[in-house]
Amino acid sequence: MENNNSPTQAAEHDQKIDPRNYDDILAVVASIKEQVGEETARSDIGIICGSGLGPIGDTVQEPTILPYSKIPGFPTTHVVGHKGNMIFGKLGGKKVVCLQGRFHPYEHNMDLALCTLPVRVMHQLGIKIMIVSNAAGGINAVLRHGDLMLIKDHIFLPALAGFSPLVGCNDPRFGARFVSVHDAYDKQLRNLAIEVGRRSNMTLYEGVYVMSGGPQYESPAEVSLFKTVGADALGMSTCHEVTVARQCGIKVLGFSLITNIANLDADQSVEVSHEEVMDIAKQAGERASSFVSDIVQELSL
Ligand SMILES: O=P(O)(O)O[C@H]1O[C@H](CO)[C@@H](O)[C@H]1O
Ligand SMILES: Nc1nc2[nH]cnc2c(=O)[nH]1
């Protein structure tokens, strides 16, 4: 089993990094540049792979792979289906950096600043656009296993309860103290994705993603609550990354792969498991990868 929280996966560096400190972020970036070379590190597009969506990273051409264990300040990824690699290379003719593995707040004691360190690092590496993917439970009745849903907006539940990556002192070099997320998921990028999907006859939904803290899956009553407030799909990631990206001025395109149907009725509920999530993600991996690659090909920077 990969990424099983084994002590052998401890970081290979001993540099102490505070993810809330701007100069420390620059130190992380300097280390990455030193290891892969300045030109390789410079990237235009960042991609974050969701649970089981690592195959997107495997399609990067001319890859230079830097394991997280070699990046100062990066914790290990504990969740199965998140390999823990930063991959530099080309996709659709563009320079990309792909994160094969993300940091979920539930893995890291709800330290959202730590979990968004990779986004701040990618910003310093030059990305202007971030494509973020996740595995999610479908709430909207139209959604089926394996469907792709473009994220139009989100409900960042932990942040509403005070768990935002922007809590704490704000170094103005990071961006605004008060970040507007009125347009978190860029409309032009969404339109492009819809057009790309249409051309390849892909059924693509658009909806609202809600992030819960996890790691337990939701009870039927909780799913009903989310449905009532307008959520279409739910997961335990993404919103923290998108919030930081917006603070940095990065444009975002996000999509959810529907890996399970969230339970709405306690009398007819079925067990949800990460194995099911991984299974469906595996089946959809190729489709999701070619979708991302087609979009990247058409992006103008
Ligand atoms: O959001 P990603 O990383 O795709 O993973 C999703 O899948 C896991 C649960 O199966 C949770 O971590 C949830 O957030
Ligand atoms: N919170 C949550 N995360 C998920 N990730 C994949 N499926 C689900 C789900 O049903 N709920």
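Residues numbered from 1 in each chain as written. Chains lettered and ligands numbered in written order. Predicted model: local features only at pLDDT ≥ 70, side-chain atom pairs only at ≥ 80, totals over all residues. Heavy atoms only, no water.

What counts, and what does not: UniProt positions are given in the numbering used here, feature names are shortened, and annotations may be inferred rather than shown by experiment.
Under an unreviewed UniProt entry, the name given to the protein chain is Purine nucleoside phosphorylase, and the source organism is Caenorhabditis tropicalis. The annotation that UniProt attaches to the protein chain under Sequence similarities (unreviewed entry) is "Belongs to the PNP/MTAP phosphorylase family." Under the Function (unreviewed entry) heading, UniProt states for the protein chain: "The purine nucleoside phosphorylases catalyze the phosphorolytic breakdown of the N-glycosidic bond in the beta-(deoxy)ribonucleoside molecules, with the formation of the corresponding free purine bases and pentose-1-phosphate."

As for the UniProt feature "domain: Nucleoside phosphorylase" (unreviewed entry) in the protein chain
As a reminder, the rule being used: A run of H or I in DSSP counts as a helix once it spans at least four residues, and a run of E counts as a strand once it spans at least two, with each numbered from the N terminus.
This chain's UniProt record puts "domain: Nucleoside phosphorylase" (unreviewed entry) on residues 44-296. Along residues 44-296 the backbone is 30% helical and 26% strand, and the end-to-end C-alpha distance reaches 10 Å.

Section: the nonpolar core
Soluble globular proteins tend to bury their nonpolar side chains together. For clarity, the threshold we go by: Definition of nonpolar core: a set of buried residues of the types Ala, Val, Leu, Ile, Met, Phe, Trp, Tyr and Cys, connected through side-chain atoms within 4.5 Å. Here's how the labels work: a residue is buried when its accessible area is under 20% of the maximum for its type, exposed when over 50%, partly exposed in between, all with a 1.4 Å probe on protein chains only.
Residues Ile32, Phe74, Met86, Phe88, Val121 and Met130 are the most contacted members of the largest nonpolar core, which totals 48 residues. The element that contributes the greatest number of residues to this core is helix 1 (residues 22-36), accounting for six residues. Ile131, Leu148, Leu192 and Phe255 belong to the second-largest nonpolar core, a separate cluster that totals 30 residues.

What to know about helix 8 (residues 220-228)
Let me state the cut-off plainly: This arc is taken over the directions from the axis of the helix to the C-beta atoms. The criterion used for residue contact is that any of the two residues' heavy atoms lie within 4.5 Å.
What helix 8 keeps buried is the set Pro220, Val223 and Phe226. All buried residues of helix 8 fall inside an arc of 115° around its axis, so they share one side. Of the exposed residues in helix 8, those oriented more than 90 degrees away from the buried face are Ala221, Leu225 and Thr228. On its buried face, helix 8 sits against helix 6 (157-160), strand 7 (204-211) and strand 8 (233-235). A positive phi of about 100° marks Gly230, the residue just after helix 8.

A look at the side chain of Glu107
Which entries qualify depends on this criterion: By the counting rule applied here, Lys and Arg register as positive and Asp and Glu as negative, while His and the ends of each chain are not counted. We define a salt bridge as a contact between a side-chain nitrogen of Lys or Arg and a carboxyl oxygen of Asp or Glu at a distance within 4 Å.
Checked against the element boundaries, Glu107 lands in the loop between strand 4 (94-100) and helix 4 (112-115). Look at Glu107: it is buried, it has no salt bridge, and the nearest opposite charge is Arg102 at 7.9 Å.

Some details on the site of ligand 2
Which entries qualify depends on this criterion: Residues are labelled near a given molecule or strand when at least one of their non-hydrogen atoms is within 4 Å of it. In the analysis that follows, any N or O atom pair within 3.5 Å is treated as a polar contact, provided that within protein one partner can donate a hydrogen and the other can accept it, and provided that, for residues neighboring in sequence, both atoms belong to side chains. Only the protein chains shown count as covering a residue, and every accessible area follows the Shrake-Rupley method with a 1.4 Å probe. Three classes are used: nonpolar for Ala, Val, Leu, Ile, Met, Phe, Trp, Tyr, Cys and Pro, charged for Asp, Glu, Lys and Arg, and polar for all others, with Gly counted as polar.
In the region of ligand 2, the neighbouring residues are Ala135, Ala136, Gly137, Ser212, Tyr217, Glu218, Leu234, Gly235, Met236, Thr259, Asn260 and Val277. Within the backbone of Gly137, an N or O atom sits 3.3 Å from a nitrogen atom of ligand 2. A distance of 2.5 Å separates a nitrogen atom of ligand 2 from a polar side-chain atom of Glu218. Bound to the protein, ligand 2 loses 94% of the 280 Å² it would expose on its own. Every element with two or more residues in the shell around ligand 2 is listed here: strand 5 (129-138), strand 8 and strand 9 (251-261). Among the elements that take part in the shell around ligand 2, strand 5 stands out by supplying three residues, more than any other. In the shell around ligand 2, the residues fall into six nonpolar, five polar and one charged.

Focus: the pattern of salt bridges
Applying the stated criterion across every chain yields a total of 14 salt bridges. Here Arg102 makes a salt bridge to Glu241, at a shortest N to O gap of 2.7 Å. Of this pair, Arg102 sits in the loop between strand 4 and helix 4 while Glu241 sits in helix 9 (residues 239-248), and the two are 139 residues apart along the sequence. Across this residue pair, the class does not change: Arg102 and Glu241 are buried. For Arg173, the salt bridge is made with Asp171, and the minimal N-O distance between the two is 2.9 Å. One salt-bridge network, held together by shared partners, links Glu39, Arg42, Asp44 and Lys95.

Focus on the site of ligand 1
Near ligand 1 there are 13 residues, and of these Ser51, His104, Tyr217, Ser237 and His274 occur at the shortest range. Within the side chain of His82, a nitrogen or oxygen atom sits 3.3 Å from an oxygen atom of ligand 1. Ser237 is positioned with one of its side-chain polar atoms (N or O) 2.5 Å from an oxygen atom of ligand 1. When residues of the shell around ligand 1 are traced back to their parent elements, those giving at least two are strand 5 and helix 10 (274-298). The residue makeup of the shell around ligand 1, split by class, is five nonpolar, seven polar and one charged.

Observations concerning the UniProt feature "binding site: a purine D-ribonucleoside" (unreviewed entry) in the protein chain
UniProt's entry tags Glu218 and Asn260 with the feature "binding site: a purine D-ribonucleoside" (unreviewed entry), counted in the numbering of this structure. Of the residues just listed, which span 43 residues, no C-alpha pair is farther apart than 12.0 Å, and they cluster in one region. Tracing the backbone shows Glu218 in the loop between strand 7 and helix 8. Discounting chain neighbours no more than four positions away, the residues touching Glu218 are Ser212, Val223, Phe226 and Leu234. Reaching out from Glu218, the side chain makes a polar contact with the side chain of Ser212 at a distance of 2.8 Å. Within the secondary structure, Asn260 is located in strand 9. Judged by relative accessible area, Asn260 falls into the buried class, the value being 6%. Aside from chain neighbours lying at most four places away, what touches Asn260 is Ala136, Gly137, Gly138, His145, Val272, Glu276 and Val277.

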